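# Coordinate inspection notes
Chain by chain, the residues:
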Amino acid sequence: MTTTVRPDSFEEAATALAAAAAAGQQVRIAGAGTKLGWGGAVAGEVTLSTLALDATLEHNAGDLTAIFEAGVPLARVQAEVAERGQMLALDPPLAPPTAGGAPDDDAARSPDGARSPAGATLGGVFATGDCGPLRHRFGQPRDLILGVTVALSDGTIARAGGKVIKNVAGYDLGKLFTGSFGTLGVILSVSVRLHPLPVARVTAVASTDAPELLRDAAIRLARAPLELEALDVAWRAGEGRLLARAAGREASRRADRAAQLMRETRLELLDVSDDDSDLWERQRAGQRSATQAIVRVAARRAQLHAVIAAADGVGASLVGRAAFGTSYLELDPARIAELRSSLPTGAVSTVLDVPPAHRDLATAWDAPAESAAELMRAVKRRFDPPGVCNPGAFVAGI
């Protein structure tokens, strides 16, 4: 039987984690539970929930920084900082999908103005390194974290970084814990970099049924000096789209230039519009599935056409970040192995969403090189010697 603890202070969280370690119990760390199916299976005797750690500790609007406890929903973060004309430039899907569609009630605004159900907590977003289309301009969670407070399995509360952007003193626990899937300890709070909300956004959209043309256009726009906020691709049922979003006072001019480049690379221009929230909401929605598997593929951007060919071969749809070669493929869970065998050389795949009845069909992670695996095991031993924090969730069974 699993015991759930919900500490409402950093000290209580550290004490609960240390008590579980002393008793030889494995701990499953959870926020809102929107990504509990990600990574390897964790069968913890204790679930440590961060939901009661939901305070806004500081918002230094003049410095464009803020500090939030880990249980604060990302939607609430966006709403609070938007009151001062700012945003945290992270836009992953905020709630897991449902077979009947996501509810629209009690929705909150994401940084680009689209409606998204409140759900994912800040701690969960940073622990999994989850992000959306804004990655193109602003980077991943690890690029926006300035400092972190964590609880370790020996009961230590550790702090690193700071609340000002120029602070680089100390060991960079923030980047180390970001994307570690809770396997090193519990994120208690994060200090983050904010950005001004843009005064305008405009998106150019073009289509093609030729994967090579989509690849060429994506590469050309990624290299062009357009200062785009987002540059995404989509592929479904033999048709691809390229979406380029410009932001700020020059948004219209930059979007028009993006549209011109799309036409020059032989794509069919569909629209240039500032009424674009639904377009980007569909891109984010493509990163989740209630009934199918989602496999994240990291490849060179020049291999986009080959990733599309692999997707077509298993009947998958695709959305992705054009400039980084990161794609999210939605497909039948029974065809995950077939997909992996047909991906281009060097591509790395990670299984994210999988219906519970199909989780035995594939391992979540590709096997890393042994040298990399041993380095990660050494880090795990350094921060969590008894191995109680989300055991088995990360790469190489960590």
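Residues numbered from 1 in each chain as written. Predicted model: local features only at pLDDT ≥ 70, side-chain atom pairs only at ≥ 80, totals over all residues. Heavy atoms only, no water.

## Topic: the packing of helix 7 (residues 211-223) against helix 10 (residues 304-313)
Their axes nearest at 8 Å, the elements helix 7 and helix 10 cross at an angle of 140°. When the axes of helix 7 and helix 10 are compared, the crossing they make is right-handed. In contact with Pro211, Glu212, Leu214 and Arg215 of helix 7, helix 10 contributes Leu304, His305 and Ile308. When its residues are assigned to classes, the contact of helix 7 with helix 10 shows four nonpolar, one polar and two charged. (Axes fitted to C-alpha atoms, helices over the stretch in contact; angles between N-to-C directions. Helix = DSSP H or I, 4+ residues; strand = E, 2+ residues; numbered from the N terminus. Left-handed = near helix turned anticlockwise from the far one by under 90°. Contact = heavy atoms within 4.5 Å. Nonpolar A, V, L, I, M, F, W, Y, C, P; charged D, E, K, R; others polar.)

## Here's the deal with the pairing of strand 19 (residues 326-331)
Counting buried residues along strand 19, five of its six residues qualify, which places the element largely inside the surrounding structure. Both strand 17 (residues 293-298) and strand 19 contribute to a ladder of six bridges, which runs antiparallel. In the strand pairing of strand 19, Ala293 is matched with Leu331. (Buried < 20%, exposed > 50% of the residue type's maximum accessible area, 1.4 Å probe, protein only. Pairing = 2+ DSSP bridges.)

## Points about the packing of aromatic side chains
Enumeration according to the criterion identifies four aromatic pairs in this entry. Each ring, one from Phe177 and one from Phe383, has its centre 5.9 Å from the other, and the planes form 90°; the classification is edge-to-face. Pair noted here: Phe177 is in helix 6 (residues 173-177) and Phe383 is in helix 12 (residues 370-383), with a separation of 206 residues, a long-range link. For Phe177, a relative accessible area of 1% corresponds to the buried category. A connected cluster of aromatic rings, assembled from ring pairs, spans Phe181, Trp365 and Phe394. One residue, Arg135, lies across the ring of Phe324, its end atom 4.3 Å from the ring centre. Here Arg382 stacks its cationic end above the ring of Phe383, 5.4 Å away from the centre of that ring. (Phe/Tyr/Trp six-rings, centres within 6.5 Å; stacked < 30°, edge-to-face > 60°. Lys NZ or Arg CZ within 6 Å of the ring centre and 35° of its normal.)

## Considering the side chain of Thr203
Along the polypeptide, Thr203 turns up in strand 13 (residues 201-208). Overall, Thr203 belongs to the buried group, its relative accessible area being 1%. Here Asp276 takes part through its side chain, which lies 2.5 Å from a polar atom of the side chain of Thr203. Dropping the residues within four chain positions of it, Thr203 is found in contact with Leu243, Ala244, Arg245, Asp271, Val272, Ser273, Asp276, Leu279 and Trp280. (Polar contact = N/O pair within 3.5 Å; in protein donor to acceptor, adjacent residues only side chain to side chain.)

## As for the sheet that holds strand 2 (residues 27-30)
On the basis of which strands lie adjacent, the open sheet formed by three strands has the order 1-3-2 and parallel pairing. The open sheet has two free edges, formed respectively by strand 1 (3-5) and strand 2, since each of these has just one partner strand. Taken over all neighbouring pairs, the strand axes of this sheet differ in orientation by 25° on average, direction set aside.

## Brief notes about the environment of Trp235
Inspection of the secondary structure assignment puts Trp235 in strand 14 (residues 230-236). In this structure Trp235 touches Thr208, Asp209, Ala210, Pro211, Leu214, Gly240, Ile308, Asp312, Ser317 and Leu318, once residues within four positions along its chain are discounted.

## Focus: the nonpolar core
If you look at the biggest cluster of nonpolar residues, it comprises 46 residues, and the most contacted ones within it are Leu221, Val233, Leu242, Met262, Leu329, Leu331 and Leu339. Counting residues per element, this core draws most heavily on helix 8 (residues 251-264), at six residues. In this structure, Ala89, Cys131, Leu134 and Leu144 belong to the second largest nonpolar core, which totals 36 residues. (Core = buried A, V, L, I, M, F, W, Y, C linked by side-chain atoms within 4.5 Å.)

## A look at the sheet that holds strand 9 (residues 145-151)
An order of 4-5-11-9-10 is seen for the five strands of this open sheet, with the pairing classed as antiparallel. Looking at the sheet topology across the chains shown, the edges are occupied by strand 4 (56-60) and strand 10 (157-161). With direction set aside, neighbouring strand axes in the sheet form an average angle of 10°. Judged from the five bridges that link them, strand 9 and strand 10 form a sheet pairing that is antiparallel.

## Quick word on helix 7
An α-helix turns once every 3.6 residues. As a result, residues three or four positions apart point the same way. With 13 residues, helix 7 extends 18 Å between its outermost C-alpha atoms, agreeing within 8% with the 18 Å of an ideal straight helix rising 1.5 Å per residue. Buried within helix 7 we find Pro211, Leu213, Leu214, Arg215, Ala217, Ala218, Ile219 and Leu221. (Expected span 1.5 Å × (residues − 1).)

## A few points about a negative patch on the surface
There is a patch of like negative charges on the surface, built from Asp271, Asp274, Asp275 and Asp278. For Asp275, the position within the fold is in the loop between strand 16 (268-273) and helix 9 (277-285). Taking the relative accessible area as the measure of exposure, Asp275 reaches 65% and is therefore exposed. (Patch = residues over 30% accessible without salt bridge, like charges linked within 9 Å, V, L, I, M, F, W, Y side chains within 5 Å. Areas by Shrake-Rupley, 256 points an atom, 1.4 Å probe, with all protein chains shown as cover. Salt bridge = Lys/Arg side-chain N within 4 Å of Asp/Glu carboxyl O. Lys, Arg positive; Asp, Glu negative; His and termini not counted. Charge placed at Lys NZ, Arg CZ, Asp CG, Glu CD.)

## Let's talk about the pairing of strand 5 (residues 65-69)
Judged by how many residues are buried, strand 5 sits mostly within the fold: five of five residues are covered. Judged by which residues are buried, strand 5 turns out to be covered on both faces: Thr65, Ile67 and Glu69 on one side and Ala66 and Phe68 on the other are all buried. Across four bridges, the pairing between strand 4 and strand 5 is antiparallel. Looking across to strand 5, one finds that Asn60 is bridged to Thr65.

## Remarks on the pattern of salt bridges
Evaluation of the coordinates by the stated rule reveals 20 salt bridges. Here Lys175 and Asp172 are joined by a salt bridge, their closest N and O atoms 3.8 Å apart. Lys175 gets classed as partly exposed once you look at its relative accessible area, which sits at 29%. The exposure class of Asp172 is partly exposed, given its relative accessible area of 42%. Across the pair Glu370 and Arg377 runs a salt bridge whose closest N-O atoms are separated by 2.9 Å. Several salt bridges converge on common partners, so that one network encompasses Arg201, Glu229, Arg245 and Asp276.

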